[in-house]
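Overview (structure and organization)
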Amino acid sequence: FSLRMSLYSFIRKPLLAIAVQGLHGPSFALFLVGSVEYVNRQTPRDLRTTGQSLLWAVFFGLASIVGNNLAGMIFDRTGIFRLYLFSGAVGLLATLLASLLIPSGGD
C-alpha cells in the first residue's frame, strides 16, 4: 500500500498509473489474510466471530468514513499528488509501528 501510494505521487502518465494499480491485488490480499489471521490468533476461540466482525466494522466502516473525509480535506488543501505522498508516508509509518509494537507470535 505504501509503495503504491508513494508511486502514484510521482506518476504523471495514466498508463504508468494503471501498471502501478497491479500492486493493489497482491497488497490487499496480503492485508486481508494477515489481518484475519492476526485477529484469529489474538482472540479466544469462542470470540473469533466477534473479533472478525469488529475487524470488518472498523476497516470497512469507521476507517472508511474517517479516511475518506480526511483524504478529501487533504486533497482540497494540497492536491492529489501530495495526498498520495501523505498516504504513502502514513502507510509506511503504520507498518513500522506495527512491526515494532505487535509481537510476531513465533509459533
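This report concerns the structure included in the present document.

1. Things to note about the packing of aromatic side chains
As enumerated under the stated definition, the model contains seven aromatic pairs in all. Plain terms: the ring middles of Phe28 and Phe31 are 6.0 Å apart, the flat faces sit at 40° to each other, and that makes the pair tilted. Note that Phe28 and Phe31 are positioned in helix H3 (residues 24-42) at a spacing of three residues, about one turn of the helix. Residue class for Phe28 comes out partly exposed when judged on its relative accessible area of 29%. Here a set of aromatic residues connected by ring pairs shows up, and it is made of Phe28, Phe31, Trp56, Phe59 and Phe60.

2. Some words on the pattern of salt bridges
Taken as a whole and assessed by the stated rule, the structure comprises one salt bridge. Where Glu37 meets Arg41, a salt bridge forms, and the shortest distance between an N and an O atom there is 3.1 Å. Highlighted residues: Glu37 and Arg41, both in helix H3, separated by four residues, approximately one helical turn.

3. What to know about the environment of Ile80
Mapped onto the secondary structure, Ile80 falls in helix H5 (residues 80-101). For the pair Ile80 and Asp46, spaced 34 residues apart in sequence, the C-alpha to C-alpha distance is 44 Å.

4. Brief notes about the packing of H3 against helix H4 (residues 48-78)
The geometry of H3 relative to H4 is characterised by a closest axis approach of 9 Å and an angle of 140° between their N-to-C directions. Classified by the angle between their axes, H3 and H4 sit oblique to one another. The interaxial crossing formed by H3 with H4 has right-handed handedness. Here Phe28, Phe31, Leu32, Ser35, Val36, Val39 and Asn40 of H3 come into contact with H4, specifically with Arg48, Gly51, Gln52, Leu55, Trp56, Phe59 and Phe60.

5. Structural notes on H5
For H5, built from 22 residues, the straight-helix expectation of 32 Å at 1.5 Å per residue is met to within 8% by its first-to-last C-alpha distance of 31 Å. For H5, the full list of buried residues reads Leu83, Ser87, Gly88 and Gly91. One face of H5 carries all of its buried residues, which in axial projection span an arc of 135°. Summarising the geometry of H5, the exposed residues directed more than 90 degrees from the buried face are Arg82, Leu100 and Leu101. Where H5 is buried, its residues touch helix H1 (2-10) and H4.

6. Points about the layout of surface pockets
Gaps left between atoms are located by rolling a probe of water-molecule size over the structure's atoms. Roughly 1,700 Å³ of internal volume is contained in the largest pocket. Considering the residues around the largest pocket, the lining is formed by 40 residues, among which Phe1, Phe31, Phe59, Gly91 and Ala94 are closest to the centre. Elements with a contribution of two residues or more to the lining of the largest pocket: H1, H3, H4 and H5. When grouped by side-chain class, the residues that make up the lining of the largest pocket number 22 nonpolar, 15 polar and three charged.

7. Concerning the packing of H1 against helix H2 (residues 14-21)
When two helices pack together, you describe them by how their axes are tilted relative to each other and by the distance separating the axes. Where H1 meets H2, the closest approach of the two axes is 10 Å, and the angle between their N-to-C directions is 180°. Considering the angle they form, H1 stands roughly antiparallel to H2. Contact residues: H1 offers Arg4, Leu7 and Tyr8, while H2 offers Ala17, Val20 and Gln21. The residue makeup of the contact of H1 with H2, split by class, is four nonpolar, one polar and one charged.

Quick notes on the rules
All residue numbers here refer to positions counted from 1 along the written sequence of the relevant chain. Only residues with pLDDT of at least 70 are given local features in this predicted model, and only at 80 or more are side-chain atom pairs given and counted; all residues enter the totals for whole chains, interfaces and linings. Values shown for side chains rest on all heavy atoms present in the structure; no hydrogens or waters enter the calculation. Centres within 6.5 Å are what make two rings of Phe, Tyr or Trp a pair, Trp counting through its six-membered ring; a difference in plane orientation under 30 degrees is then read as stacked, over 60 as edge-to-face, and the rest as tilted. Helical segments are the DSSP runs of H or I of at least four residues, strand segments are the runs of E of at least two, and each set is numbered from the N terminus. Only protein chains enter the accessibility calculation, which uses a 1.4 Å probe; a residue whose area is less than 20% of its type maximum is buried, one above 50% is exposed, and one in between is partly exposed. When a carboxyl oxygen of Asp or Glu lies within 4 Å of a side-chain nitrogen of Lys or Arg, that pair is called a salt bridge. Convention adopted: a line fitted to C-alpha atoms gives each axis, helices being fitted over their contacting stretch, and angles between N-to-C directions are expressed from 0 to 180 degrees. Should an angle fall under 35 degrees it is taken as roughly parallel, and over 145 as roughly antiparallel, whereas 65 to 115 is taken as roughly perpendicular and any remaining angle as oblique. Left-handed describes a crossing whose near helix is turned anticlockwise from the far helix by less than a right angle; the clockwise case is right-handed. The contact rule is simple, with two residues in contact once any of their heavy atoms fall within 4.5 Å. Residue count minus one, scaled by 1.5 Å, sets the expected span of a helix. Arc, as used here, means the arc of the directions from the helix axis to the C-beta atoms. Think of a 1 Å grid over the protein atoms and nothing else: a 1.4 Å probe that fits but is trapped marks a cavity, an open set flanked by protein within 12 Å on at least five of seven lines marks a pocket, and residues with an atom within 4 Å of a point count as lining. Grid points are joined across faces, edges and corners, and a volume is the space filled by probe spheres set on the points. Three residue categories are used. Nonpolar comprises Ala, Val, Leu, Ile, Met, Phe, Trp, Tyr, Cys and Pro, charged comprises Asp, Glu, Lys and Arg, and polar comprises the others, including Gly.

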